[in-house]
Amino acid sequence: MNLPLDFNSAELWTRIVKIALTIAAVYAIAVVGLFVKGNFLGGAVLLVFALAFSTVLRRARRVSMGAAGRLTASAVTVHPVRVWGFSLNVPSGEFSLDRFSAVGLAERIVVVRPVSIPRDTGSVQLLGRPGTPNIEVMIDDIETARGFAEELSATLNLELQSVAVPGQTIRRYTV
């Protein structure tokens, strides 16, 4: 593996947030339009649903949304990611590699369509010691992620570990 390595595992979340903000803008226009037309009951109902949905979105902000930065032989530098003025929940700063204990591989089952066969997805992370955030370096299909994780582990001289994903069964493998 050649270092330095530029990475952006927040790209998927960037797309999701753009879609959500577009939907929110259209929804806000609909609410304002109802109030302007004098349909106060319809506008109020949409407003109540919007407030309920906003509580769900606040909980979603707690989820780690990847990372973007550069990995070198001695450190990893990650920077904030913003989408149309909104910050994503990503780590930020420069961390020396001795602040990481291992390279982690998390495996998730992703159902693309209800009628399709599930496709395993893997995310490769640098697992931080206490006080250092975990930094997600890449997300791809499990075979690509596993190969990348093994190569990254060897390059950085860090142990490769399986990472538990909430709500998922861990599949054990040996390296």
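Being a predicted model, the structure only gives us computed values, none of them experimental. (Residues numbered from 1 in each chain as written. Predicted model: local features only at pLDDT ≥ 70, side-chain atom pairs only at ≥ 80, totals over all residues. Heavy atoms only, no water.)

Participant: Can you break down the pairing of strand β3 (residues 75-78) residue by residue, with the values?
Facilitator: Along a regular strand, successive side chains alternate from one face of the sheet to the other. Looking at chain direction, strand β2 (residues 68-71) and β3 are connected through three bridges and run antiparallel. Looking at β3, one finds that Leu-71 is bridged to Val-76. Between β2 and β3, which follow one another and run antiparallel, lie three residues. When β3 meets strand β6 (residues 93-96), the two strands line up antiparallel, connected through four bridges. Its bridge partner lying in β6, Val-78 is registered against Gly-93. (Pairing = 2+ DSSP bridges. Helix = DSSP H or I, 4+ residues; strand = E, 2+ residues; numbered from the N terminus.)

Participant: Residue-level account of the sheet that holds β2, with values.
Facilitator: Across the sheet, which stays open at both edges, the four strands sit in the order β1-β2-β3-β6 with antiparallel pairing between neighbours. Both outer strands of the open sheet, β1 (5-8) and β6, are each paired with one neighbouring strand and no more. Direction aside, neighbouring strands of the sheet carry axes that sit 15° apart on average. Across four bridges, the pairing between β1 and β2 is antiparallel. Looking at the pairing, Asn-8 lines up with Ala-68 of β2. (Axes fitted to C-alpha atoms, helices over the stretch in contact; angles between N-to-C directions.)

Participant: I'd like a description of the nonpolar core, backed by residues and values.
Facilitator: In this structure, Leu-71, Val-76, Val-124 and Leu-126 are the most contacted members of the largest nonpolar core, which totals 24 residues. Contributions of two or more residues to this core are made by β1, β3, β7 (100-110), β8 (119-128), β9 (135-141) and α3 (142-156). Here this core gets six residues from one element, more than from any other, and that element is α3. Not counting chain neighbours up to four residues away, the residues in contact with Leu-126 comprise Leu-71, Val-76, Phe-100, Ala-102, Val-103, Pro-133, Asn-134, Ile-135, Val-137, Leu-152, Leu-156 and Leu-158. (Core = buried A, V, L, I, M, F, W, Y, C linked by side-chain atoms within 4.5 Å. Buried < 20%, exposed > 50% of the residue type's maximum accessible area, 1.4 Å probe, protein only. Contact = heavy atoms within 4.5 Å.)

Participant: I'd like to hear about the pairing of β8, residue by residue, with values.
Facilitator: Within β8, eight of the ten residues are buried, which leaves it mostly tucked inside the rest of the structure. The pairing of β8 with β9 spans six bridges and is antiparallel. Within the sheet, the bridge partner assigned to Gln-125 lies in β9 and is Glu-136. The turn linking β8 back onto β9 is made up of six residues, and Gly-131 within it adopts a positive phi angle of 95°.

Participant: I'd like a description of the packing of helix α1 (residues 11-36) against helix α2 (residues 40-60), backed by residues and values.
Facilitator: Close contact between α1 and α2 brings their axes to 7 Å; oriented N to C, the two are set at 155°. Comparing their axes, α2 and α1 come out roughly antiparallel. Crossing of α1 over α2 shows left-handed handedness. Seen from α1, the contacting residues are Tyr-27, Val-31, Leu-34 and Phe-35; seen from α2, they are Phe-40, Gly-42, Gly-43, Ala-44, Leu-46, Leu-47, Phe-49 and Ala-50. Across the contact of α1 with α2, the residue classes tally to ten nonpolar, two polar and no charged. (Parallel < 35°, antiparallel > 145°, perpendicular 65-115°, else oblique. Left-handed = near helix turned anticlockwise from the far one by under 90°. Nonpolar A, V, L, I, M, F, W, Y, C, P; charged D, E, K, R; others polar.)

Participant: Could you give an account of a nonpolar patch on the surface, naming the residues involved and the relevant values?
Facilitator: On the surface, a nonpolar cluster with roughly 330 Å² of combined accessible area is contributed by Leu-41, Val-45 and Phe-49. Residue position: Leu-41 is located in helix α2. Given the relative accessible area of 66%, Leu-41 is considered exposed. (Patch = residues over 30% accessible without salt bridge, like charges linked within 9 Å, V, L, I, M, F, W, Y side chains within 5 Å. Areas by Shrake-Rupley, 256 points an atom, 1.4 Å probe, with all protein chains shown as cover. Salt bridge = Lys/Arg side-chain N within 4 Å of Asp/Glu carboxyl O.)

Participant: Any details on α3? Residues and values, ideally.
Facilitator: Between the first and last C-alpha of α3 there are 20 Å, a value that for 15 residues agrees with the 21 Å anticipated at 1.5 Å per step. Taken together, the buried positions of α3 are occupied by Ile-142, Ala-145, Arg-146, Phe-148, Ala-149, Leu-152, Ser-153 and Leu-156. Each buried residue of α3 lies within a common arc of 165° when the element is viewed along its axis, so the set occupies one face. Facing away from the buried side of α3 by over 90 degrees, the exposed positions are Glu-143 and Ala-154. (Expected span 1.5 Å × (residues − 1). Arc of directions from axis to C-beta.)

Participant: A description of the pattern of salt bridges should follow, citing residues and the corresponding values.
Facilitator: Tallied over the entire structure, the rule returns three salt bridges. In this structure, Glu-143 and Arg-146 form a salt bridge, with 3.3 Å as the shortest nitrogen-oxygen distance. With Glu-143 and Arg-146 both in helix α3 and three residues apart, this pair spans about one turn of that helix.

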